[in-house]
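In case you want the letters, here they are:
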Amino acid sequence: VRTPAALKVVVPIGAAASVAALCRSIVRQRRNPQPFPAARARALDNPLARRQAAAVVRGLDLAPRMRVLDVGAGVGRLSIPLAAAVAPEGDVVALDVQQEMLDMLQKRAGAADVHNIRTICAAAGAGSLGPGRFDRAVLAAVLGEIPHDRRVAALREIREALEPDGILWVIETVGDPHYQSHTAVARLGKEAGFNVRGTRRLGMTRLTELVVGA
């Protein structure tokens, strides 16, 4: 079947327009970072996202009885497997700026029979965390959603909330409009008082490990 000449022109033009619109959207989001909207939260809860989250958690240095902080927890994509990994005596505190997200997280956790998650509705860096309470913290695809002028403050609050031997895992996925490179994460971490232990890949993601102590 021969393709009409008009379609040969229209299809590439349409594709180019879509790419251009996507690029403009990414630029806007990077200039004016915003949390992932709760109205689109269902896009975060799918079999692929669950498998990826489970693979990430399996690659972390977790143990029962640990207290874990999940910053920007959203619908609990990581909070729920994190809570399962540290159960029964450990727990997870899920922090998010959108109560709607946390309501969905609690509903999903209940359906999964996971009951060791506590939620806090607050922005990262707003001072809602006490000092030295957590063994580990996770910041997954969230650092770039924090406004530029608040990122160091958010990381500093996380550092202060960790135990002296605590670890923060910053997890970034290429393709995320708010993606932060390892170089950017390391620079911000050092400004906040962390030491950079290293970076590694976990499936489709890159993990940078920031530590409180040497």
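Just so it is clear, the model here is predicted, and its values are computed rather than measured.

### Quick look at the side chain of Glu172
- For Glu172, the location among the structural elements is in strand β5 (residues 162-173).
- A distance of 3.2 Å separates a polar atom in the side chain of Glu172 from the backbone nitrogen of Gln180.

### What to know about the confidence of the model for the protein
- In this model, the protein carries a mean pLDDT of 87, and residues with pLDDT of at least 70 account for 84%.
- Contacts of residues 17-30 to residues separated by more than four positions or lying in other chains number eight contacts, the stretch itself having pLDDT below 50.

### What about helix α5 (residues 151-161)?
- Arg151, Val152, Ala154, Leu155, Glu157, Ile158 and Ala161 are the residues of α5 that are buried.
- Structurally, α5 contributes buried residues whose contacts are with β1 (67-71), β4 (134-140), β5 and α6 (182-191).

### Overview of the pattern of salt bridges
- Taken as a whole and judged by the stated rule, the model has five salt bridges.
- In this structure, Arg187 and Glu191 form a salt bridge, with 3.2 Å as the shortest nitrogen-oxygen distance. Of this pair, Arg187 and Glu191 both sit in helix α6, four residues apart, roughly one helical turn.
- For Glu191, a relative accessible area of 44% puts it in the partly exposed group.
- Of the charged contacts in the structure, one is a salt bridge between Glu209 and Arg197, with a shortest N-O distance of 3.2 Å. Of the two residues, Glu209 is situated in strand β7 (residues 205-211) and Arg197 in strand β6 (residues 195-202); the sequence distance between them amounts to twelve residues.

### Quick word on the environment of Ile146
- Locating Ile146 in the fold gives a position in the loop between β4 and α5.
- Along the primary structure Ile146 and Pro35 are separated by 111 residues, whereas in three dimensions their C-alpha atoms are 7.5 Å apart.

### Topic: the sheet that holds strand β2 (residues 91-96)
- Taken in spatial order, the seven strands of this open sheet run β3-β2-β1-β4-β5-β7-β6, and their pairing is mixed. This sheet does not close on itself; its edge strands, each paired only once, are β3 (117-121) and β6. Within this sheet the neighbouring strands show an average axis-to-axis angle of 20°, counted without direction.
- In the sheet, β1 pairs with β4 via four bridges, with the strands oriented parallel. Paired with Val68 across the bridge in β4 is Arg136.

### A word on the nonpolar core
- In this structure, Leu60, Leu62, Val68, Leu78, Leu82, Ile117 and Val138 are the most contacted members of the largest nonpolar core, which totals 28 residues.
- Sorting the residues of this core by element identifies α2 (47-58), α3 (79-86), β2, α4 (99-111), β4, β5 and β7 as the ones contributing at least two each.
- When residues in this core are grouped by element, the largest group, four residues, is from α3.
- Among residues more than four places away in sequence, those in contact with Leu60 are Leu82, Val138, Trp169, Arg200, Leu202 and Leu207.

Reading the values: the criteria
Residues numbered from 1 in each chain as written. Predicted model: local features only at pLDDT ≥ 70, side-chain atom pairs only at ≥ 80, totals over all residues. Heavy atoms only, no water. Helix = DSSP H or I, 4+ residues; strand = E, 2+ residues; numbered from the N terminus. Polar contact = N/O pair within 3.5 Å; in protein donor to acceptor, adjacent residues only side chain to side chain. pLDDT = per-residue confidence, 0-100. Contact = heavy atoms within 4.5 Å. Buried < 20%, exposed > 50% of the residue type's maximum accessible area, 1.4 Å probe, protein only. Salt bridge = Lys/Arg side-chain N within 4 Å of Asp/Glu carboxyl O. Pairing = 2+ DSSP bridges. Axes fitted to C-alpha atoms, helices over the stretch in contact; angles between N-to-C directions. Core = buried A, V, L, I, M, F, W, Y, C linked by side-chain atoms within 4.5 Å.

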